[in-house]
Structure formats: C-alpha cells, structure tokens
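As a plain string of letters, each chain reads:
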Amino acid sequence: MTGTDQRGGRGGRAERGGRAGPRGATAPGAGAPPDVEALIVGGGLVGLSLAAALADAGLEVLVIDRAAPAAQLDRGFDGRAAAIARGSQRALAGIGLWPDLADAAQPILDIRVSDGRVGAAASRLHLHYDHREAGEGPLGFIIENREIRRALEARRRALAAKLSRRAPCRLVALERAAGRVVARIEDERGTEQVSAQVAISAEGREASLRSLAGIGVTRWDYGQSGIVCTVAHEEPHRGVAHEHFLPSGPFAMLPMTDGEDGTEGTGGTDGGRRVHRSSIVWTERRALVATMMALDGPAFSAEIQRRFGDSLGALRAIGGRWAYPLSLIHAERYVAHRLALVGDAAHGIHPIAGQGLNLGLRDVAALAETLVDARRLGLDLGAGDVLARYERWRRFDNLMLIAATDALNRLFSNDLGPLRLARDLG
C-alpha cells in the first residue's frame, strides 16, 4: 500500500471524477454524505464476519480484499480448522451463519491434555475436561476454515443490498479527514474513490492501515512454526480433542466430521471413501520444519504417529499440508482517528489454546454492537468516543489471553526434568 495518511490534509487524495462505492456515487465533496457507513479492509474470516454483522443490522458496508474470492474458497488456500467456542458459536448464529455451518461442525465433547516426549507414551498425569461437567451442550466445535468461508460467501450474497465487496482490489491510499475517510482503491476497473464514516482494518498481522496510522506493535517470534494438515485414522475420535505437550511445542489433534479420503499433496479425493478425520496443529522448532514438510506421505504420517501414539489406530495424512511461522503481536492501540483494528490486525497469539479466531469474533461482536448502537443514537460512527468504547471493551480480554497463551507455551515447550515434574503434578 502506498500514499499518505492525514487528518484533513491533501496527501493521499486521488483525483475526483471516479465512480466508487456500492451506489456508484462520485467521490463526495466536503458536504456530501459518505458513500458507505463502514469501509472494511480485509475480507477474511474476521473481516467478512464483521461486514455481515453490520449489514444485517442495516449499515451500508463496503469490503475490499486483495485475494480473489474464488481463490479463498479453493481447497488449497487454507488447510486450517478453527476451534469455535460456545460463545463464538452463538455470535455466528446471531449473524445468520450457523445454519450453513452446523453440518460441517464437529462437537468437542471432551478435551484431554497430556505431557510427553516424541516416541514415548504420554504421561499418566493428565487433565480431562468432560462436556457433561461444563453444562449443556458441547465444549465447542471444530470447523474447517474453508467451510466458514463458504458460509460467509453465502451470507454475503444474502446481504448484497447492504454489503458490497470489491475483490481482488488494492487500497492505494486512505485519507482520514475531519468528517470521513476517503479511500482510493484500484482493481480491474481502474482507480476510484470511496468515502465512509469509519475505516476498519481486518488485514491480518501485517496491517497496512495500522502502520499508516502510526500504531506501534509489540512483537515476539517464538522460533516455532505450526504444521497443519488433516489425518485419517482407523478408530473414531468420539469427539475428543487432544493437546499433547512435547519439548518442541504443543501437538494438537482436533476432531473433525467424517469426510472423504484425500490424495496426499493434492487435496483431491479417491472416489468418495468416507474416513474418520482429525485436524493436526503440530508446533515444531522452525529449523526442523522444512525437513518435515519435505517428507513423503508415509514418512510424514509416521512422524505424526510418533508424536500422537496409536490410540486412534494407524494415522495417515490426507490432502495438503501447510506451515505457518508462530509469533505474538499486539497493537499498542486498537483505534485511531476514524480507524479501528480487529482480529490479527490488533492481536495475534500462539495457537496453543486454539483461541485466535475466537478473539477475532469477540472483536467483531463488540465493534458491531458499538457501531450499531452509535447509529441508533444518531452518532458519528468514526467519532473518537465511539471507537474508544470498543477499545476499552476488548483490550483487557485480549491482554489476558495473550499473557496466558504465551506463558503456557513457554512452560511446556521445554524438556527440563524438574519443570516437567512440576507441570505434570500441576
């Protein structure tokens, strides 16, 4: 992204005369109403969820995203699965997504947390969480990210009267003026201008709007990467999620709905044979990740079996495999003049507790309620006091979970004997 970012200056302002926004309006003058009420930069899981929540409440929203929509729905785009907490499930239901997700959601009925070493049996000292002791319903759900994207796309189409999207589209510049934001966007149609009351960055960890607003971040690189894939196993998982702590980092086996078998490395199917499936989130020292990713199918599956054991019978990796560097990131502020950060643009955490998307969805719920309430009261959606309410609402919750996941990863990602004994007893 290029251009400047000023509060009322001329820098970054594109020439007038372009057509922009869902209404096709020419970029407004100082006294003209904005083209939309909210401009969301980033059309991933968090960005589109927020857009759907706002549009469902009657706000006019424009989402711009660099990635082509068809590419985001491709099987090879994102192999991850999300652990959806019960509160997040209710939020997804509230914006109309759950009917399209229910069949793809695997309930988490139990969680087993254990300590161990590669190739050795897990410690007999472990934690076990049973959904029957936590109240009615499952502890949460495991859903493939691709299924969430498909549900969001269906919801976007249903809300098309209020929710517009430009993708693939690039944000060239953004001016945050006294009464509006004015964005210059570029796609296959050319360069245009669009204005809004508030801009929202859902761009992810390297958010360009955050940088342009001068918002600093705290960063910490864990020196680990997360290897993600799907495995087929002989025995049913019975809704049990496993978190197995190894010296290199946590190894999670997350139950998925039964599905079609895949051809290693392609994500295809072998004729529709149904298998028991789980999603793997394997934290490994970064120096070893390239070697693990280069293994052939049987050798890669054997490494997974060494780490998890044989409680589900023989394991076999199916479909593609992905690796993501793991780090911590936290923005010094979540808001600036007519700008709010959500999801990974505001905070990125270690996947040790599977809470990254849940934090983002809680951001969505808080910001959507804040903006909808402001609109009902006739307030300016980009006003400082309106956005400050969102930041107060979310910052403490995010900080607490960032601290907890960071401490857990440091506590368990080592093989010191006294510390192993202490944490096992704990």
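Residues numbered from 1 in each chain as written. Predicted model: local features only at pLDDT ≥ 70, side-chain atom pairs only at ≥ 80, totals over all residues. Heavy atoms only, no water.

1. Remarks on the sheet that holds strand E5 (residues 81-85)
Here is step 1 of the chain: The antiparallel open sheet is built from three strands, whose spatial order is E5-E9-E6. What marks the edges here is a single partner per strand, and that holds for E5 and strand E6 (106-108). Going from strand to strand, the sheet's axes swing by 30° on average, the running direction of each strand aside.
Here is step 2 of the chain: Sheet topology note: the E5/strand E9 (residues 140-144) ladder contains five bridges and is antiparallel. Along E9, the bridge assignment pairs Ile84 with Phe141.
Here is step 3 of the chain: Against the sheet, helix H3 (residues 86-94) makes contact with E5 and E9, and its axis sits at roughly 95° relative to E5, the strand it touches most.
Here is step 4 of the chain: Running over the sheet, helix H5 (residues 145-158) touches E5 and E9 and is turned about 85° from E9. (Pairing = 2+ DSSP bridges. Helix = DSSP H or I, 4+ residues; strand = E, 2+ residues; numbered from the N terminus. Axes fitted to C-alpha atoms, helices over the stretch in contact; angles between N-to-C directions. Contact = heavy atoms within 4.5 Å.)

2. Focus: the packing of helix H1 (residues 45-56) against H5
Here is step 1 of the chain: Close contact between H1 and H5 brings their axes to 10 Å; oriented N to C, the two are set at 30°. As the angle between them shows, H1 and H5 are arranged roughly parallel. Between H1 and H5 the crossing geometry is left-handed. Across the interface between the two elements, Leu45, Leu48, Ser49, Ala52 and Asp56 from H1 touch Asn145, Ile148, Arg149, Leu152 and Arg155 from H5.
Here is step 2 of the chain: Looking at side-chain class alone, the contact of H1 with H5 contains five nonpolar, two polar and three charged residues. (Parallel < 35°, antiparallel > 145°, perpendicular 65-115°, else oblique. Left-handed = near helix turned anticlockwise from the far one by under 90°. Nonpolar A, V, L, I, M, F, W, Y, C, P; charged D, E, K, R; others polar.)

3. Let's talk about the confidence of the model for the protein chain
Here is step 1 of the chain: Considering every residue of the protein chain, the mean pLDDT works out to 86; 84% of them sit at 70 or more.
Here is step 2 of the chain: pLDDT under 50 marks residues 1-29. Its contacts with residues more than four places away, or in other chains, come to 76 contacts.
Here is step 3 of the chain: Note that residues 263-271 has pLDDT below 50 and, in this model, 20 contacts with residues that lie over four places away or in other chains. (pLDDT = per-residue confidence, 0-100.)

4. Some thoughts on the packing of aromatic side chains
Here is step 1 of the chain: A complete count under the given rule lists three aromatic pairs for this structure.
Here is step 2 of the chain: One aromatic cluster is present, formed by Phe251, Trp282 and Phe300 through successive ring pairs.
Here is step 3 of the chain: The residue whose ring lies beneath Arg395 is Tyr334, and the NZ or CZ to ring-centre distance is 5.0 Å. (Phe/Tyr/Trp six-rings, centres within 6.5 Å; stacked < 30°, edge-to-face > 60°. Lys NZ or Arg CZ within 6 Å of the ring centre and 35° of its normal.)

5. Some details on the environment of Ala403
Here is step 1 of the chain: Mapped onto the elements of the fold, Ala403 is located in helix H10 (residues 384-412).
Here is step 2 of the chain: Expressed as a C-alpha distance, the spacing of Ala403 and Leu328, which sit 75 residues apart in the sequence, is 10.0 Å.

6. Comments concerning unusual backbone geometry
Here is step 1 of the chain: Cis geometry marks the peptide bond from Ala167 to Pro168, where omega comes out at -5°.
Here is step 2 of the chain: Its location among the elements puts Pro168 in the loop between strand E10 (163-166) and strand E11 (170-176).
Here is step 3 of the chain: The phi torsion at Arg238 lies on the positive side, around 60°, for a residue other than glycine.
Here is step 4 of the chain: Mapped onto the secondary structure, Arg238 falls in the loop between strand E14 (217-233) and strand E15 (240-246).
Here is step 5 of the chain: By relative accessible area, which is 63% here, Arg238 ends up exposed. (Buried < 20%, exposed > 50% of the residue type's maximum accessible area, 1.4 Å probe, protein only.)

7. As for H1
Here is step 1 of the chain: Here H1 contains twelve residues, and its C-alpha end-to-end distance of 16 Å stays within 8% of the 16 Å for a straight helix at 1.5 Å per residue.
Here is step 2 of the chain: The element H1 is extensively covered by neighbouring structure, given that eleven of its twelve residues are classed as buried.
Here is step 3 of the chain: Buried residues of H1: Leu45, Val46, Gly47, Leu48, Ser49, Leu50, Ala51, Ala52, Ala53, Leu54 and Ala55, and no others.
Here is step 4 of the chain: For H1, the secondary structure elements touched by its buried residues are strand E3 (36-41), strand E4 (61-64), H5, E10, strand E13 (190-201) and helix H9 (356-376).
Here is step 5 of the chain: Just downstream of H1 lies Gly58, where phi reads positive at about 100°. (Expected span 1.5 Å × (residues − 1).)

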